[in-house]
Amino acid sequence: MATTGTAVSESEALRAAEQVTNDLTLQVATVNGSGSQSANLVLLRAIFQMGIPVSGKNLFPSNIAGLPTWFTIRASKHGYIARRKEIDFLVAMNPETAEEDLAKLRPGAAVVYDEKLNLSRLRDDVIFYPVPFDAIVTPICPDAKLRKLVRNMIYDGVVAEILGIETAEVEKALRKQFKKKTKAADLNWKAVEAGYEYAEQSLEKADCFHLERMDLTGGKILIEGNNAAALGCMMAGVTMVSWYPITPSSSLCETLIEYLKRFRIDPRTGKATFAVVQAEDEMAAIGMALGAGWAGARAMTSTSGPGISLMAEFTGMAYYAEIPAVIFDVQRVGPSTGLPTRTSQGDILSTALLSHGDTKHPLLFPASAGECYTMAMEAFDLAELLQTPVFVMSDLDLGMNYWMEDPLPYPEKPLARGKVLSADDLNRLGSFRRYQDVDGDGIPYRTLPGTAHPASAFFTRGSGHNEKAVYSEKPQDYVTNMDRLNRKFETARFKVPGPSIEERDGADFAVVSCGSSHWAVLEALDQLEREYGFKASTCRIRAFPFHNEIKDFIHRQQRIYVVEQNRDGQLYSLLRLEMDPEDVVKLRSVRHYNGLPVDARSVTDSIISQETKS
């Protein structure tokens, strides 16, 4: 860098003297529709390719182009991937939010900004890097229409030079981003080079942040949770997809459709071996999936909270008539339309008990993109084993953001189709009762439409029925059926994925979480021990109904903090429903519900606040 940059205050010089390597949060503030996503992903991937653990969070508006959007990259040599509140390095490209974004920075932070904004007049305790973006981009891109897109790549070059991101990795990431679009890649690479050269010649590094090569991401991939879930569905053998677009779940089915078109075409006939229907609404989508599941297909839909609400009646019917299907709930903020592009874990309680009457549904809680993949496969097996709808409870943060992950393993087990009777089975048995508990596990046997045997037929109804699937309003028939359904739910405790538990000798308390909250909890545990001397055991719940290991774990603890991303403590409430009275009093709630992914500091502060009051 040149040595003729901006003046550095005493506080800035002190901050810069304490170099911080591979531990920073970089935020790019732009506007929706400006094409910044490509530039942001190039930065994310370049840092990842340098072997530095990263995570990327995209905060975008729910309506029209031109509104503010923020993309946050966290680089952590410790491997932390949860959202972090503090921003160390800001790229301010949006005039509408620049001053507000600047005001949130801590002293010693750094800011790259369009020099027209004149932000340096506002503070003297942060480091400023003004850049004349328009002057740089004009000779590179004569086409005025393209300039607003290409100028974003200039900040990639500026940031790379200031922070030490290797240019070879930036170019590799850029060409991967544009794939076969050689002309576009070449043009954007010129913009990166121009930004790099400007920073090298005109800016003096005055901040303390630096990135250098590590070896902690080798063999890993970057993938969105929705994409991983889509791949898991294909591997699970899904043959029927019915869906209605809704943020943030749409990309799951959109990606799955691309996979199916690529891998599920009969090579002999050239015809698709799958069916995809974009329904007119969520009610139709779940109805079609249940019809296909009843007919023997592996069927699914994906949605978010508003869609889950609309699916209540059909879900209750499927529970009562015992029809398999998989529903992906990529949760977002509610109630009603809520905040469509903000994350939440606000559907846990309502989905567990979805529909009227006495209904209970299995839920799976993936915490990573890898589990979005593996739990997708598990969900289809469980739905058929249990003959019931199974919900995979993802969220916007997990589904629509990029996560580091080990390569996804190819499935090794055959598909588990459950208790399905063939014509040969019926020849041997002579007859069967559709809703009879033969094995004592609450799970009856079923036949599929088209089974070539006169005894295979039965009525499927959402009204009262007896063991033979014959319409009945007799009180004892109803009680017998409902008791068996509850017995099946108890069987599910040992079929669903068990918890991930880590108990520590001498632990002061325990922390329970599920889904994407896990990553903030892991970091909070380190903060609690490092800053306050507290040791904590952990239990990550991976499914409902709760495995008996969870009950036993809670029984062994003195105090348990339940961390989740909703206002009302829904996981906490569900645990209270299932725990023994002497253990219920041990539970304490840690709730985060502002729509941003939960961060470790919020978890730590809440636990410490409650500990000091006890």
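Our subject in this report is the structure included herewith. (Residues numbered from 1 in each chain as written. Predicted model: local features only at pLDDT ≥ 70, side-chain atom pairs only at ≥ 80, totals over all residues. Heavy atoms only, no water.)

### A closer look at the overall build of the protein chain
Here's step 1: Helix and strand content of the protein chain: 22 helices and 23 strands.
Here's step 2: In terms of overall size, the protein chain behaves like a compact globule, its C-alpha atoms giving a radius of gyration of 27 Å where 614 residues would be expected to give roughly 25 Å.
Here's step 3: In terms of its C-alpha atoms, the protein chain occupies a principal-axis envelope of roughly 90 × 65 × 40 Å.
Here's step 4: Out of the 614 residues belonging to the protein chain, those deemed buried represent 57%.
Here's step 5: Long-range contacts, defined here as pairs at least 24 residues apart, represent 76% of the contacts in the protein chain between residues at least 6 apart.
Here's step 6: Mean positive and mean negative side-chain charge positions of the protein chain (67 and 79 charges, respectively) differ by 5 Å. (Helix = DSSP H or I, 4+ residues; strand = E, 2+ residues; numbered from the N terminus. Rg over C-alpha atoms; globule rule 2.2 N^0.38 Å. Buried < 20%, exposed > 50% of the residue type's maximum accessible area, 1.4 Å probe, protein only. Contact = heavy atoms within 4.5 Å. Lys, Arg positive; Asp, Glu negative; His and termini not counted. Charge placed at Lys NZ, Arg CZ, Asp CG, Glu CD.)

### Description of the pairing of strand β10 (residues 240-243)
Here's step 1: Going residue by residue along β10, you find M240 and S242 tucked away on one face and V241 and W243 tucked away on the opposite face as well.
Here's step 2: Bridging between β10 and strand β11 (residues 275-278) involves four bridges; their strand directions are parallel. Its bridge partner lying in β11, S242 is registered against V277.
Here's step 3: Handedness of the β-α-β unit built from β10, helix α9 (residues 250-263) and β11 comes out right-handed. (Pairing = 2+ DSSP bridges. Right-handed = clockwise from strand over helix to strand, strands pointing away.)

### Things to note about a nonpolar patch on the surface
Here's step 1: Together, M283, L310 and F314 line one region of the surface with nonpolar side chains, adding up to about 250 Å² of accessible area.
Here's step 2: Along the chain, L310 turns up in helix α11 (residues 305-310).
Here's step 3: Given a relative accessible area of 40%, L310 falls into the partly exposed group. (Patch = residues over 30% accessible without salt bridge, like charges linked within 9 Å, V, L, I, M, F, W, Y side chains within 5 Å. Areas by Shrake-Rupley, 256 points an atom, 1.4 Å probe, with all protein chains shown as cover. Salt bridge = Lys/Arg side-chain N within 4 Å of Asp/Glu carboxyl O.)

### What about the layout of surface pockets?
Here's step 1: By volume, the largest pocket is sized at about 760 Å³.
Here's step 2: Residue lining of the largest pocket: 21 residues in total, with R45, K179, E224, N227 and Y402 positioned closest to the centre.
Here's step 3: Elements with a contribution of two residues or more to the lining of the largest pocket: α2 (36-49), β3 (54-59), α6 (167-178) and β9 (221-224).
Here's step 4: For the lining of the largest pocket, the class distribution of residues is nine nonpolar, seven polar and five charged. (1 Å grid on protein atoms, 1.4 Å probe; cavity = no way out; pocket = protein on both sides within 12 Å on 5 of 7 lines; lining within 4 Å. Points joined across faces, edges and corners; volume = space filled by probe spheres on them. Nonpolar A, V, L, I, M, F, W, Y, C, P; charged D, E, K, R; others polar.)

### As for helix α5 (residues 144-163)
Here's step 1: Taking 1.5 Å per residue, 20 residues should reach 28 Å; α5 reaches 30 Å between its end C-alpha atoms and fits that length.
Here's step 2: At V150, α5 shows its maximal kink, close to 30°.
Here's step 3: Of all 20 residues in α5, 14 are buried; the element is thus mostly enclosed.
Here's step 4: Near the N-terminus of α5, the side chain that reaches the backbone nitrogen of K145, with its oxygen 3.0 Å away, is that of D143. (Expected span 1.5 Å × (residues − 1). Bend = angle between axes of the 7 residues up to and from the residue. Polar contact = N/O pair within 3.5 Å; in protein donor to acceptor, adjacent residues only side chain to side chain.)

### Looking at the sheet that holds strand β19 (residues 509-514)
Here's step 1: Pairing is mixed across the open sheet formed by five strands, whose spatial order is β18-β20-β19-β22-β23. Strands at the two margins of the open sheet, each flanked by one partner only, are β18 (500-502) and β23 (587-591). For this sheet, the mean inter-axis angle between neighbouring strands, taken without regard to orientation, is 20°.
Here's step 2: In this sheet, strand β20 (residues 536-541) lies alongside β18 in antiparallel orientation, the contact comprising three bridges. From the neighbouring strand, I501 faces β20, where its bridge partner is C539.
Here's step 3: Each of β19, β22 (560-564) and β23 touches helix α22 (residues 600-613); the most contacted strand, β23, lies at about 140° to it. (Axes fitted to C-alpha atoms, helices over the stretch in contact; angles between N-to-C directions.)

### Digging into the pairing of strand β12 (residues 299-303)
Here's step 1: Buried residues dominate β12, accounting for five of its five residues.
Here's step 2: Of the two faces of β12, the one carrying A299, T301 and T303 and the one carrying M300 and S302 are both buried.
Here's step 3: As paired strands, β10 and β12 are joined by two bridges and run parallel to one another. Residue pairing for β12: M240 is matched across the bridge by A299.

### As for α9
Here's step 1: For α9, with 14 residues, the first-to-last C-alpha span of 20 Å sits near the 20 Å given by 1.5 Å per residue.
Here's step 2: Within α9, burial applies to S250, S251, L252, C253, T255, L256, I257, Y259 and L260.
Here's step 3: Taken together, the buried residues of α9 touch α8 (225-235), β10, β11, β12 and β13 (325-333).

### Concerning the packing of aromatic side chains
Here's step 1: What the rule picks out here adds up to seven aromatic pairs.
Here's step 2: Centroid distance F432 to F458: 6.3 Å. Interplanar angle 90°. Geometry classified as edge-to-face. One end of the pair, F432, is in the loop between α16 (423-429) and α17 (475-492); the other, F458, is in the loop between α16 and α17, with 26 residues separating them in the sequence.
Here's step 3: A relative accessible area of 17% places F432 in the buried class.
Here's step 4: For the ring pair F509 and Y561, a centre distance of 5.3 Å and an interplane angle of 80° mean the geometry is edge-to-face. Note that F509 is positioned in strand β19 and Y561 in strand β22, a separation of 52 residues in sequence.
Here's step 5: Exposure remark for F509: the relative accessible area of 1% places this residue in the buried category.
Here's step 6: Of the aromatic side chains, those joined through ring pairs into one cluster are F489, F544 and F546. (Phe/Tyr/Trp six-rings, centres within 6.5 Å; stacked < 30°, edge-to-face > 60°.)

### Some points on the nonpolar core
Here's step 1: Core analysis: the largest hydrophobic core is formed by 100 residues, its most contacted members being F89, V112, Y129, I165, L256, M300 and F328.
Here's step 2: When residues in this core are grouped by element, the largest group, 11 residues, is from helix α14 (residues 369-386).
Here's step 3: Judged by nonpolar contacts, the second largest core, of 43 residues, contains A312, A325, F546 and V584. (Core = buried A, V, L, I, M, F, W, Y, C linked by side-chain atoms within 4.5 Å.)

### Section: the pattern of salt bridges
Here's step 1: Under the definition given, this model contains 42 salt bridges.
Here's step 2: Taking the shortest distance from any N to any O, the salt bridge between R484 and E322 comes out at 2.4 Å. Here the residue R484 occupies a position in helix α17, and E322 occupies one in the loop between α12 (312-321) and β13, the gap between them amounting to 162 residues. The pair formed by R484 and E322 is uniform in burial state, with each residue classed as buried.

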